[in-house]
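# Residue-level structure breakdown
Below are the chains, spelled out letter by letter.
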Amino acid sequence: MEMRMKWLLDPTIPTPASPSHSSTRKRSAPVLATQPASKKLPSSAFYQLSAPPPQPGKGKASDTSVKPRKHGRGSSSSRTTEEELGWHNREENDQTPEPLNFTPARAPGPALDPTVAWSPLSIFRLFFSASVVHTIIANTNANALKRLQAGKKHVWKMLTVRDFYIFLSIIIFSGLVPVHNRSDYWRKKWPYNFRFPGDTMSRDRFGAIMWSLHLSNLEEDEENNRKRNTADSTSVTDLLPFPLLGVGYTLFVDNFYTSPNLFGDLSTKNIGCCGTIRKNRVGFPQTELNDLPKKAERGDLRWIRKGKLLFIKWMDSREVTMCSTVHAAFSGQTVQRKVKQAGVWQTKTVPVPDAVLCTSTPPPPTTPPPLTCGPISYGEDASIRKYCRNCHDAGNKRVKTPWHC
């Protein structure tokens, strides 16, 4: 002990041997041995130099070295971005986008010549022209042959123009006369004993056409599937015939088609867009700063604007998310909603964003029935007539017609 005390006071004395019980612990080489013997070190320097370097994994040694700070989740740069993209309340004003300059390629309205006697078939052919019909028939026949070559067992006869028009007429008829099952159109028992379509096309033939119907070219489909999710993929905007449509339109879509990238591209082409959007879409703000609370009241809303893109969260019976390039966030519009308060349902006026109000389908207007109608006879001999119920309720009990006013 005395020898060790002398060594601590005089660094020129050789280092004493370590005790036998601590032989497994190796003392670090004394740093003082490198100093000249004639130069005395201050006590502070002694304590700084004689301390052994901290060994990793043993104890919590304090490290006073300055390390560069990494910009992680809680860094100032990320916090600044979240503050810039934080959700705004409805009390905060939003900029109103400039109205679109609507310049259609032709004058809006019907383009039919009023001096020509148009039949239903001639009007129908304006939508299904001869070239369109022949293209659908060719693609359907090719698709049916492809199924046969793949081993699909079904009876197929080449589709003709006549069969295709009969097929379309059955589709239209099914929209006018709904039944429980499609096979009911070919039943012979009352009340399904229709003369059409059973007299014009069999049920199996209709099912074969429905099963093989194909609108696009099969080779082009394979090419498009190969280019899917690649740099060669064609943009949706390339499919819009702008020279035929013009610009200044507003496109309303649902959340299946809404994409911030698509809305931005169409906005550069003077096409406005608005629609519901899924929160997991690429480009939708993911910040939780000033977000809607979990138990938000009906009518609460939040919004974020990124250039021309406006993102909105609005609480109705559930949360509604919108994206628009043609609306401001909130302009004071309201809607009527039924809200349960204290166990009683009450009608309450709640604020609504402009984008939600424009995409909502208004209820059909209720128009009172007319007070008069012309009597119409039907039947081969014009002997069957019926009283009009609406005219009867209006006080005119002698008007007979097969149709309600």
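Every chain begins its residue count from 1, and numbering advances along the sequence as written. In view of the model being predicted, local features appear only for residues whose pLDDT reaches at least 70, and side-chain atom pairs are presented and counted only at 80 or more, with totals across whole chains, interfaces and linings using the full set of residues. The side-chain numbers reported here are obtained from all heavy atoms of the structure, hydrogens and water having been left aside.

Attention now moves to the environment of Arg205. Labels follow the DSSP assignment, with helices taken as runs of H or I lasting at least four residues and strands as runs of E lasting at least two, numbered in each case from the N terminus. Along the chain, Arg205 turns up in helix H7 (residues 203-212). Leaving out residues up to four positions away in the same chain, Arg205 has contacts with Trp156, Lys157, Met158, Leu159 and Asp163. Should any heavy atoms of two residues lie within 4.5 Å, those residues are considered in contact.

When DSSP locates at least two bridges between a pair of strands, those strands are taken to pair. Strand order in the open sheet made by the five strands is S3-S4-S7-S6-S5, with mixed pairing throughout. Edge strands, defined here as strands with exactly one partner in the open sheet, are strand S3 (250-253) and strand S5 (301-306). Adjacent strand axes in the sheet meet at a mean angle of 15° when their direction is disregarded. As a rule, the C-alpha atoms of each element are fitted with a line to give its axis, helices using only the stretch in contact, and angles between N-to-C directions run from 0 to 180 degrees.

Okay, helix H6 (residues 161-176) next. Multiplying one less than the number of residues by 1.5 Å gives the expected span of a helix. For H6, which comprises 16 residues, the first-to-last C-alpha distance of 23 Å matches the rise-based estimate of 22 Å (1.5 Å per residue) to within 8%. Think of it in three bands: residues with accessible area under 20% of the maximum for their type are buried, residues over 50% are exposed, and the middle band is partly exposed, with areas taken using a 1.4 Å probe on protein chains only. Within the sequence span of H6, burial applies to Asp163, Phe164, Ile166, Phe167, Leu168, Ile170 and Phe173. Next to the buried residues of H6 lie helix H4 (120-127), helix H5 (130-149) and H7.

The geometry of an aromatic ring pair comes down to the distance between the two centres and the angle between the two planes. Only Phe, Tyr and Trp rings are paired, with Trp represented by its six-membered ring, and only when their centres lie within 6.5 Å; those with planes under 30 degrees apart are stacked, over 60 edge-to-face, the remainder tilted. A full pass over the atoms with the stated rule returns 14 aromatic pairs. Relative to Phe206, the ring of Trp186 has its centre 5.6 Å away and its plane inclined at 45°; by these criteria the two rings are tilted. Taken together, the residues Trp186 in the loop between H6 and H7 and Phe206 in helix H7 connect sequence positions 20 residues apart. Relative accessible area serves as the criterion here: at 14%, Trp186 is assigned to the buried category. Judged by centre distance (5.6 Å) and plane angle (85°), the rings of Phe284 and Phe311 are edge-to-face. Of the two residues, Phe284 sits in the loop between strand S4 (272-276) and S5 while Phe311 sits in strand S6 (residues 309-315), which places them 27 residues apart along the sequence. Comparing Phe284 with Phe311 shows no difference in burial state: the two are buried. An aromatic cluster is present here, built from Phe167, Phe173, Tyr185, Trp186, Phe194, Phe196 and Phe206 joined pairwise through their rings. We call a charge positioned above a ring when the Lys NZ or Arg CZ atom is no farther than 6 Å from the ring centre and deviates by at most 35 degrees from the ring normal. Above the face of the Trp211 ring, Arg147 is positioned so that its terminal group lies 4.4 Å from the ring centre. The ring of Trp156 has Arg205 lying over it, and the distance from NZ or CZ to the ring centre is 5.2 Å.

Worth remembering: the numbers are spatial, not functional.
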